[in-house]
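Per-entry structural report
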Amino acid sequence: MRLTFCFRQFTSSPVWQINKGMFVPKHEPVAQSDIAKLEEFLRDKSRILVLTGAGISTESGIPDYRSEGVGLYARSNSRPIQHPDFVKYADVRKRYWARNYVGWPRFSSIEPNAIHHTLARFEREGRILGIVTQNVDCLHNKAGSKKLIEIHGNGYTVICLSCDYSIPRHDFQDILNSLNPTLVTTMTDMLRPDGDVDIPQAAIDAFVVPPCPKCGGNLKPRIVFFGDNVPLKTIEEIVHWNCESDGLLVLGSSLLVFSGFRLVVQTKELGLPVAIVNIGPTRGDDYADLKISAKCGDIIPRLFATR
């Protein structure tokens, strides 16, 4: 597993006032019977593999892309950055880093919620095999989860596209601060799913992005952008975990991204059960042995609560 640098306090940063429910789509209250059904699904399984998606981080105040009415696609015409464009075009890299720079103090200050903490507790209690997450926000790591695979990497490490150089994202922020002293990191509060924000074009044009200090190459976060491939080693680790598991629990994912959906399909091919908790339908519903349409925060922290 890669060492992830998730912890550092910005003493000079503002205290962000985040409405943690503003990005959670409309949903019905969870039924007590649904909690009982999920407990029964999990009761005789000590090696459950958990797949988490953006739906659990919306409860910490991070928006997702696709949620009806509140996701980025519903609120904006903006679309996520594409890997081929980032690699090819200097202006795309500059726009990404300028917006990420402004959003970083807020994004990195967001804390895990009760779902993250409950899953970390389940790991300590031996109730789950581990967590595979589609999220890049490091919230599972902050909550204390140790057995964790981040399918799409995370935004807390910056790497060079041409050599083996890397630097913690917090330290890279210090470098960007020194190169862009007049750009204010509190100019907007409209956070996007990957931590960047919309800022004026003039601020982007004036932004200075440093090259790799080792080889002069281009720097990017250790995130699998849209249009890029999940590293083969990561896929192999997930397959190994799935073969060792006794079932899959999907939390807060629509499974529209193939990396998550593939795990559901593979689980069923192994003859193992699948349970899904998500607000609204998912791509994997036809594969599920148990599907509960609910907010994950209304059900996961209440599992095995008195045991």
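Structural notes, computed from the coordinates. Quick caveat, the model's predicted, so the values are computed rather than measured.

So, on to the packing of helix α5 (residues 90-109) against helix α8 (residues 169-179). Packing of α5 against α8 brings their axes to within 11 Å, and their N-to-C directions diverge by 125°. When the interaxial angle is binned, α5 and α8 end up oblique. Once α5 is placed against α8, the crossing between them reads as left-handed. On the side of α5, the interface is formed by Trp 97, Asn 100, Tyr 101, Trp 104, Pro 105 and Ser 108, while α8 contributes Arg 169, His 170, Phe 172, Gln 173, Leu 176 and Asn 177. By residue class, the composition of the contact of α5 with α8 is six nonpolar, five polar and one charged.

Bringing the pairing of strand β6 (residues 219-223) into the picture now. Burial of β6 is extensive: four of the five residues sit out of reach of the surface. Two strands pair when backbone bridges link them, and strand β4 (residues 153-160) and β6 are joined in this way by four bridges, in the antiparallel orientation. In the sheet register, Val 158 faces β6, and the bridge partner there is Pro 221.

This brings us to helix α6 (residues 114-124). Here α6 has its buried residues at Ile 115, His 116, Thr 118, Leu 119, Ala 120, Phe 122 and Glu 123. Looking at the buried positions of α6, the neighbouring elements they touch are β1 (48-52), α2 (54-57), β2 (128-133), α7 (139-143), β7 (248-251) and α12 (296-299). Between a side-chain oxygen at the N-terminus of α6 and the backbone nitrogen of Ile 115 the separation is 2.8 Å; the capping residue is Asn 113. Gly 126 lies just past α6 and shows a positive phi near 75°.

Leu 38, Leu 249 and Leu 251 are the most contacted members of the largest nonpolar core, which has 26 residues in total. Looking at this core, the elements that each hand over two or more residues are α1 (32-43), β1, α6, β2, β7, β8 (274-277), β9 (290-292) and α12. If one sorts the elements of this core by residue count, α1 sits on top with four residues. Once residues lying within four places of it in the same chain are set aside, the contact partners of Leu 249 are Leu 38, Leu 42, Ile 48, Leu 49, Val 50, Leu 51, Ala 275 and Val 277.

This part is about the pattern of salt bridges. Considering all chains together, one arrives at 10 salt bridges under this definition. With its nearest N and O atoms 3.5 Å apart, the salt bridge here joins Asp 198 to Arg 99. Residue Asp 198 is found in the loop between α8 and α9 (201-206), and its partner Arg 99 is found in helix α5; the two are separated by 99 residues along the sequence. The partly exposed category is assigned to Asp 198, whose relative accessible area is 35%. Across the pair Lys 214 and Asp 164 runs a salt bridge, and its minimum N-O distance is 2.4 Å. Placement of the pair is Lys 214 in the loop between α9 and β6 and Asp 164 in the loop between β4 and β5 (166-168), with a sequence separation of 50 residues. Look at Asp 164 and you get exposed, because its relative accessible area is 62%.

What counts, and where the lines are drawn
- Residues numbered from 1 in each chain as written.
- Predicted model: local features only at pLDDT ≥ 70, side-chain atom pairs only at ≥ 80, totals over all residues.
- Heavy atoms only, no water.
- Axes fitted to C-alpha atoms, helices over the stretch in contact; angles between N-to-C directions.
- Helix = DSSP H or I, 4+ residues; strand = E, 2+ residues; numbered from the N terminus.
- Parallel < 35°, antiparallel > 145°, perpendicular 65-115°, else oblique.
- Left-handed = near helix turned anticlockwise from the far one by under 90°.
- Contact = heavy atoms within 4.5 Å.
- Nonpolar A, V, L, I, M, F, W, Y, C, P; charged D, E, K, R; others polar.
- Buried < 20%, exposed > 50% of the residue type's maximum accessible area, 1.4 Å probe, protein only.
- Pairing = 2+ DSSP bridges.
- Polar contact = N/O pair within 3.5 Å; in protein donor to acceptor, adjacent residues only side chain to side chain.
- Core = buried A, V, L, I, M, F, W, Y, C linked by side-chain atoms within 4.5 Å.
- Salt bridge = Lys/Arg side-chain N within 4 Å of Asp/Glu carboxyl O.

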